[in-house]
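Read off the chains here:
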Amino acid sequence: MAQPTPARVHICPACDGFGSAAVTLGGRDRHGHLRTITAHCPACHGTGTRAVRPVSALVRVGR
Ligand SMILES: [Zn+2]
């Protein structure tokens, strides 16, 4: 069944919508927690979406 309305969010093509990821640094802290840093997608700055272009660029009439 077709989706009646198109998705309004444009997914970032560089990260497929996964804007940030936790990267392990190796080892654990004294509480036993895994040490990680958060890396953000440089294309979308961690949002997972891309900016929507002006309407005139998106509209296409006919083929
Ligand atoms: Zn991205």
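Here is what the cut-offs are and how they apply
- Residues numbered from 1 in each chain as written.
- Predicted model: local features only at pLDDT ≥ 70, side-chain atom pairs only at ≥ 80, totals over all residues.
- Heavy atoms only, no water.
- Helix = DSSP H or I, 4+ residues; strand = E, 2+ residues; numbered from the N terminus.
- Buried < 20%, exposed > 50% of the residue type's maximum accessible area, 1.4 Å probe, protein only.
- Contact = heavy atoms within 4.5 Å.
- Areas by Shrake-Rupley, 256 points an atom, 1.4 Å probe, with all protein chains shown as cover.
- pLDDT = per-residue confidence, 0-100.
- Donors = N, O, S within 2.8 Å, 3.2 Å for Na, K, Ca; no water.
- Tetrahedral: all angles 85-135°; square planar, octahedral: opposite > 155°, others 65-115°.
- Pairing = 2+ DSSP bridges.

1. Here we look at the overall build of the protein chain
Right, so step 1: Helix and strand counts for the protein chain come out as 1 helix and 2 strands.
Right, so step 2: Overall, the protein chain shows an N-to-C arrangement of helices and strands of β-β-α.
Right, so step 3: Out of the 63 residues belonging to the protein chain, those deemed buried represent 10%.
Right, so step 4: Partitioning the intrachain contacts of the protein chain with sequence separation of at least 6 by distance along the chain shows that 45% fall at a separation of at least 24.
Right, so step 5: When the accessible surface of the protein chain is split by element, carbon and sulfur atoms take 56% of a total near 5,800 Å².

2. Observations concerning the confidence of the model for the protein chain
Right, so step 1: Per-residue pLDDT for the protein chain averages 83, and the proportion of residues at 70 or more is 76%.
Right, so step 2: The secondary structure element of the protein chain with the lowest average pLDDT is helix H1 (residues 55–58), at 52, and the one with the highest is strand S2 (residues 34–40), at 94.

3. Regarding the coordination of the zinc ion
Right, so step 1: Within the protein, the zinc ion binds to Cys12 (SG), Cys15 (SG), Cys41 (SG) and Cys44 (SG); these donor distances fall in the range 2.3 to 2.4 Å.
Right, so step 2: The site at the zinc ion holds 4 donor atoms, and with the angles between them running 103 to 117 degrees, its shape is tetrahedral.
Right, so step 3: Exposure remark for Cys15: the relative accessible area of 15% places this residue in the buried category.

4. Quick notes on the pairing of S2
Right, so step 1: In this structure, strand S1 (residues 20–28) lies alongside S2, joined through 6 bridges in antiparallel fashion. Looking at S2, one finds that Val23 is bridged to Ile37.
Right, so step 2: What sits between the antiparallel neighbours S1 and S2 is a turn of 5 residues, in which Gly32 has the positive phi angle 90 degrees.

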